[in-house]
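As a plain string of letters, each chain reads:
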Amino acid sequence: MKAQINNTFKIDLSKPLDIAIPLSNTDANPIAWYIEKPTIEPVRFGDWVGKVSEGSSTNFNNIFFNPHGHGTHTECLGHITKEFYSINQCLIQFFFTAELISIEPENLNGDLIITKHQIDKALNGKTPEAIIIRTLPNSESKKHKNYSKTNPPYLSEEAAEFIRDIGIQHLLIDLPSVDREEDDGKLVAHKAFWNVKNVDELNSDARLHCTITEMIFVSDAIKDGSYILNLQIASFENDASPSKPIVYKIEE
């Protein structure tokens, strides 16, 4: 499936498939990168509390969270560059052809790694605009897991290069990172996917409008195959934003 400007797809907008993980201030919220759970609490001014159950006319909460460590988020190459780039400026379109594939990472030298060969085989010649990778086994615990200090699975550099080279613009995965949890700051998969050759001075052929979305969850009820992806973000001027990717099954 090669996306062309004149292709026509039929989808049912009344049947969205949400692959985002909700953000909450409970222990059920997933966590990565050694931080605490999010905080959601009412504003307080002296005796005034922004909570209807405590006498206010409105609920008026502050929210403290980290997009990279507290759930589903979409990031641009500004995540790894010296110069500031915003996801709100880099993501300028929101609907894409997408292929959902399921992969059981291979055990290589004690790490669980998604390889180029696995992705190539799963795509079977398809070149969508977006790829959605569901890792196996697909436990519901992904929606609540504390990933810190667990060395989760990740992409090999060759796999990220392959995804880039076949023209995929948006990479979505149900892991906290496409790179190894502790890699001495190398971030080889991030750099390969975005084609960032120098984080201090961005090369002209870096992939400015391509994105990585991490910490999604794809239910087993959603089968591998072709979809239309609606990639929704909040309008944060930041390298990353909490996001809500929605997929729609392409109808015959």
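Just so you know, these numbers come straight off a predicted model, no measurement behind them. (Residues numbered from 1 in each chain as written. Predicted model: local features only at pLDDT ≥ 70, side-chain atom pairs only at ≥ 80, totals over all residues. Heavy atoms only, no water.)

**Student:** Sorry if this is basic, but what is going on with a nonpolar patch on the surface here?
**Tutor:** Taken together, Phe-45, Trp-48 and Phe-60 make up a surface patch of nonpolar side chains, about 340 Å² in accessible area. Locating Phe-45 in the fold gives a position in strand S3 (residues 44–45). Exposure remark for Phe-45: the relative accessible area of 57% places this residue in the exposed category. (Patch = residues over 30% accessible without salt bridge, like charges linked within 9 Å, V, L, I, M, F, W, Y side chains within 5 Å. Areas by Shrake-Rupley, 256 points an atom, 1.4 Å probe, with all protein chains shown as cover. Salt bridge = Lys/Arg side-chain N within 4 Å of Asp/Glu carboxyl O. Helix = DSSP H or I, 4+ residues; strand = E, 2+ residues; numbered from the N terminus. Buried < 20%, exposed > 50% of the residue type's maximum accessible area, 1.4 Å probe, protein only.)

**Student:** Looking at this structure, how should I read the pairing of strand S15 (residues 240–249)?
**Tutor:** Residues in a regular strand point their side chains to alternate faces of the sheet. Of all the 10 residues making up S15, 7 are buried; the element is thus mostly covered by neighbouring parts of the structure. As defined by bridge partners, strand S1 (residues 17–18) adjoins S15 across 2 bridges and the pair is classed as antiparallel. Within S15, the residue paired with Asp-18 across the bridge is Ile-246. Where strand S14 (residues 225–233) and S15 come together, 7 bridges link them in antiparallel fashion. Across the sheet, residue Ile-228 finds its bridge partner in S15, namely Tyr-248. Taken together, S14 and the strand that follows it, S15, pair antiparallel across an intervening segment of 6 residues. (Pairing = 2+ DSSP bridges.)

**Student:** Hey, could you run me through the side chain of Ser-243 in this one?
**Tutor:** Here Ser-243 is to be found in strand S15. Overall, Ser-243 belongs to the buried group, its relative accessible area being 9%. If near-sequence neighbours (up to four positions away) are discounted, Ser-243 is found in contact with Ala-20, Thr-72, His-73, Thr-74, Thr-213, Gln-232 and Ile-233. (Contact = heavy atoms within 4.5 Å.)

**Student:** Honestly, the packing of helix H2 (residues 116–123) against helix H3 (residues 157–165) in this entry has me stumped. Any pointers?
**Tutor:** What describes two packed helices is the angle between their axes and the distance between those same axes. Interhelical geometry of H2 versus H3 gives an angle of 35° and a closest axis separation of 8 Å. Counted together, Lys-116, Ile-119, Asp-120 and Leu-123 of H2 and Glu-158, Ala-159, Phe-162 and Ile-163 of H3 form the full contact between these two elements. Taken together, the residues of the contact of H2 with H3 sort by class into 5 nonpolar, no polar and 3 charged. (Axes fitted to C-alpha atoms, helices over the stretch in contact; angles between N-to-C directions. Nonpolar A, V, L, I, M, F, W, Y, C, P; charged D, E, K, R; others polar.)

**Student:** Which parts of the structure should I look at to understand the environment of Tyr-147?
**Tutor:** Looking at the element boundaries, Tyr-147 is found in the loop between strand S10 (130–135) and strand S11 (154–155). The residues contacting Tyr-147, other than those within four sequence positions of it, are Ile-31, Ala-32, Lys-142, Pro-152, Asp-174, Pro-176, Glu-181 and Met-215.

**Student:** Any chance you could explain the packing of aromatic side chains here in plain terms?
**Tutor:** A ring pair, where both rings are aromatic, is described by two values, the distance of the centres and the angle of the planes. Taken as a whole, this structure holds 5 aromatic pairs when the rule is applied. Aromatic side chains Trp-48 and Phe-60 sit 6.2 Å apart centroid to centroid with 65° between the ring planes, which places their arrangement in the edge-to-face category. Placement of the pair is Trp-48 in strand S4 (residues 48–49) and Phe-60 in the loop between S4 and strand S5 (61–64), with a sequence separation of 12 residues. For Trp-48, a relative accessible area of 35% translates into the label partly exposed. (Phe/Tyr/Trp six-rings, centres within 6.5 Å; stacked < 30°, edge-to-face > 60°.)

**Student:** Would you mind showing me how to read the sheet that holds strand S9 (residues 111–114) here?
**Tutor:** The strands making up a sheet associate through backbone hydrogen bonding, with each pair oriented either parallel or antiparallel. One open sheet holds the 3 strands; their spatial order is S8-S9-S11, and the pairing between them is mixed. Pairing within the sheet leaves two strands with one partner each, and these edge strands are strand S8 (106–108) and S11. With 2 bridges connecting them, S9 and S11 associate as parallel partners. Bridging from a neighbouring strand, Ile-114 pairs with Leu-155 of S11.

**Student:** Can you help me understand the side chain of Asn-230 in this one?
**Tutor:** Tracing the backbone shows Asn-230 in strand S14. Of the residues examined, Asn-230 reaches a relative accessible area of 9% and is grouped as buried. Within polar-contact distance, the side chain of Asn-230 engages the backbone oxygen of Phe-94 at 3.2 Å. Excluding its chain neighbours within four sequence positions, the residues that come into contact with Asn-230 are Phe-94, Phe-95, Lys-244, Pro-245, Ile-246 and Tyr-248. (Polar contact = N/O pair within 3.5 Å; in protein donor to acceptor, adjacent residues only side chain to side chain.)

**Student:** Just checking my understanding: could you explain the nonpolar core for this structure?
**Tutor:** The tendency in soluble globular proteins is for nonpolar side chains to be buried side by side. By size, the foremost hydrophobic cluster in this structure holds 47 residues, and its most contacted members are Ile-119, Ile-131, Ile-132, Ile-133, Leu-155 and Leu-171. Elements that contribute at least two residues to this core include exactly helix H1 (87–90), strand S7 (95–103), H2, S10, H3, strand S12 (170–173), helix H4 (188–194) and S14. The element contributing the most residues to this core is S7, with 5 residues. Residues within four places of Leu-171 in sequence aside, it is in contact with Ile-131, Ile-133, Leu-155, Ile-163, Val-178, Phe-193, Thr-211, Ile-212 and Thr-213. (Core = buried A, V, L, I, M, F, W, Y, C linked by side-chain atoms within 4.5 Å.)

**Student:** For this particular structure, what's the right way to read H2?
**Tutor:** The α-helix winds at 3.6 residues per turn, so residues separated by three or four positions along the chain end up facing the same way. Those residues of H2 lying buried are Gln-118, Ile-119 and Leu-123. Seen from one end, H2 has its buried residues packed into an arc of 120°, which puts them on one side. Summarising the geometry of H2, the exposed residues directed more than 90 degrees from the buried face are His-117 and Lys-121. Buried residues along H2 sit against S7, S8, S9, S10, S11 and H3. Phi turns positive, to about 55°, at Asn-124, one or two residues after H2. (Arc of directions from axis to C-beta.)

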